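Examining the three-dimensional arrangement
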Amino acid sequence: MSSSHAPRQNSVTLPQARQAICVPNLGEGQGAFQLFVEGDALFDAMLAAIEGATETIWMESYIFAADEVGARFVALLAAKARTGLDVRLHLDAFGAGQRNFDKFRRELERSGVRFRWFRPFDLRHPLRYFQRNHRKLLILDGREAFLSGFNIRRLNSRRLHGETRQRDTHVRVPASLATLAESHFDRLWQDARPLPSNAIPEEADAIEGLLVPSYSRKCQKRLACLHAGLIGMAQTCVYLTSPYFGPGTVVDRALQDAARRGVDVRVLVPRTSDPMVAGWATRAAYAQLLTAGVRVYEYLPRPLHAKTSVVDTGWSIIGSANLDYRSLFVNQELVLVAHDRVLAGQLQAQYLQDLSDAREVTLRAWHSRGWRARGFEVIGWAARRLL
């Protein structure tokens, strides 16, 4: 948005928005969250927390690679299980189910780790395989938890992969949220049983954050409603980072509406995507976003996998969910929504740093793109619900 557009007050009040679109009423936090943007620092912290656990270690991941990083986790999880701890590992059958993982699995199970695949392919129920567990979650003794976008693999390690490592973000949450994290873990461990309604309180004045899954008994589109609700309440700025962006979703429309009413709305996506068709789907959203006044940036130096949102000066969302159709409406996801100025400030500072390594896409330049690019966008648009 041009700086000449001053933000206006939103006509929807906070209580009205909460009632309509699933935004929790949170207390204001005091900086209890710890942010990670480098894989090496995160992995060291997670392994140290696993080493210090005395009762339970529950972990789930979409990708758990059979590489040097995966080997460190397997060795320590196995060692802790041999001492008698309740160690559980829940991995997605598509994301982590490579053949070369079998050696790791045998070591884990021999050591007493309780291991489970999420939704392995079954000819009797083939459509169940379409839903994936995209979450990344580690819970120690029910007292602390880590979650967000980092998978377990060397691609996230500067020491192992180098300067072109994947750019991602993760967060450590305090004990007040670890119990809720255990409920979310157990729900999928027991084959995606619906959470009771009171597991996701609508009024949470005493806590600064909430862990929100893809859906609950009250709302089958919880993550889409949460993002759209916070964007709808924005007064000054909305800064989003997502590896994949789904055109035509309720979040897409909320961003356009916010920009039209004068909010500084910016979206950061990768310049190149894997798979390529996912990038084509993301770019299919550019024209309407840019026309509405949303500023779009493409991250250049390395793969972008972070999924974060900052709204105004206090609200943040960080988790496993991309802003595309599969994450918002199909996959199992988990995000932290927090009302904490310290966390929001850290995410905003990181966002502005990332923008310095990005190229802004202007409406004029976008209109001048070639027909080949336009054709790819049509393919991406058509395939957006399958990616």
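Residues numbered from 1 in each chain as written. Predicted model: local features only at pLDDT ≥ 70, side-chain atom pairs only at ≥ 80, totals over all residues. Heavy atoms only, no water.

1. Brief notes about the sheet that holds strand β10 (residues 209-213)
Taken in spatial order, the 8 strands make up an open sheet running β10-β16-β15-β14-β11-β12-β13-β17, and their pairing is mixed. The open sheet has two edge strands, β10 and β17 (358-361), and neither has a second partner. Strand-to-strand twist in this sheet, taken as the mean axis angle between neighbours without regard to direction, amounts to 15°. Across 5 bridges, the pairing between strand β15 (residues 315-319) and strand β16 (residues 334-339) is antiparallel. The partner of Ile317 across the bridge, within β16, is Val337. Sitting on the sheet, helix α6 (residues 175-189) touches β10 and β16, and the angle it makes with β10 is about 5°. Packed on one face of the sheet, helix α8 (residues 250-260) meets β11 (237-241) and β12 (264-270) and runs near 140° to β12. (Pairing = 2+ DSSP bridges. Helix = DSSP H or I, 4+ residues; strand = E, 2+ residues; numbered from the N terminus. Axes fitted to C-alpha atoms, helices over the stretch in contact; angles between N-to-C directions. Contact = heavy atoms within 4.5 Å.)

2. Brief notes about the pairing of strand β5 (residues 114-118)
Taken together, the 5 bridges between strand β4 (residues 86-92) and β5 define a ladder with parallel strand orientation. What sits directly across from His90, in β5, is Arg116. Of the crossover connections in this fold, the one passing from β4 over helix α4 (residues 102-110) to the parallel β5 is right-handed. (Right-handed = clockwise from strand over helix to strand, strands pointing away.)

3. Points about the packing of aromatic side chains
Applying the stated criterion to the full structure yields 16 aromatic pairs. For the ring pair Phe94 and Tyr129, a centre distance of 6.2 Å and an interplane angle of 80° mean the geometry is edge-to-face. Placement of Phe94 in the loop between β4 and α4 and of Tyr129 in the loop between β5 and β6 (137-140) is noted, with a sequence separation of 35 residues between them. The exposure class of Phe94 is partly exposed, given its relative accessible area of 48%. Judged by relative accessible area, which is 25%, Tyr129 ranks as partly exposed. Taken together, Phe43, Phe64, Phe73, Phe101, Phe104, Phe115, Trp117 and Phe150 form an aromatic cluster joined through their ring pairs. Here the basic side chain of Arg132 rests over the ring of Tyr129, its NZ or CZ set 4.4 Å away from the ring centre. (Phe/Tyr/Trp six-rings, centres within 6.5 Å; stacked < 30°, edge-to-face > 60°. Buried < 20%, exposed > 50% of the residue type's maximum accessible area, 1.4 Å probe, protein only. Lys NZ or Arg CZ within 6 Å of the ring centre and 35° of its normal.)

4. Digging into the nonpolar core
If you look at the biggest cluster of nonpolar residues, it comprises 72 residues, and the most contacted ones within it are Leu255, Leu336 and Val337. Considering each element in turn, this core owes the most residues, 7 residues, to helix α7 (residues 222-233). Setting aside anything within four residues of it in sequence, one finds Leu336 in contact with Phe33, Leu147, Val171, Val173, Leu177, Gly209, Leu210, Leu211, Ser316, Ile317, Ile318 and Leu343. Core analysis: the next-biggest nonpolar cluster, separate from the first, contains 35 residues, Ala53, Ala81, Leu140 and Ile152 among them. (Core = buried A, V, L, I, M, F, W, Y, C linked by side-chain atoms within 4.5 Å.)

5. A look at the pattern of salt bridges
All told, the structure shown has 22 salt bridges when counted by the stated rule. As a salt-bridge pair, Arg88 and Asp86 come within 3.2 Å of each other at their nearest N and O atoms. For Asp86, a relative accessible area of 22% translates into the label partly exposed. Taken together, the shared-partner salt bridges in this structure form one network comprising Glu38, Arg158, Glu163 and Arg165. (Salt bridge = Lys/Arg side-chain N within 4 Å of Asp/Glu carboxyl O.)

6. Quick notes on the packing of helix α3 (residues 68-82) against α4
Interhelical geometry of α3 versus α4 gives an angle of 15° and a closest axis separation of 9 Å. Relative to α4, the element α3 is oriented roughly parallel. Between α3 and α4 the crossing geometry is left-handed. Where α3 abuts α4, its residues Gly70, Ala71, Val74, Ala75, Leu77 and Ala78 lie against Phe104, Glu107 and Leu108. Looking at the contact of α3 with α4 residue by residue, the classes come out as 7 nonpolar, 1 polar and 1 charged. (Parallel < 35°, antiparallel > 145°, perpendicular 65-115°, else oblique. Left-handed = near helix turned anticlockwise from the far one by under 90°. Nonpolar A, V, L, I, M, F, W, Y, C, P; charged D, E, K, R; others polar.)

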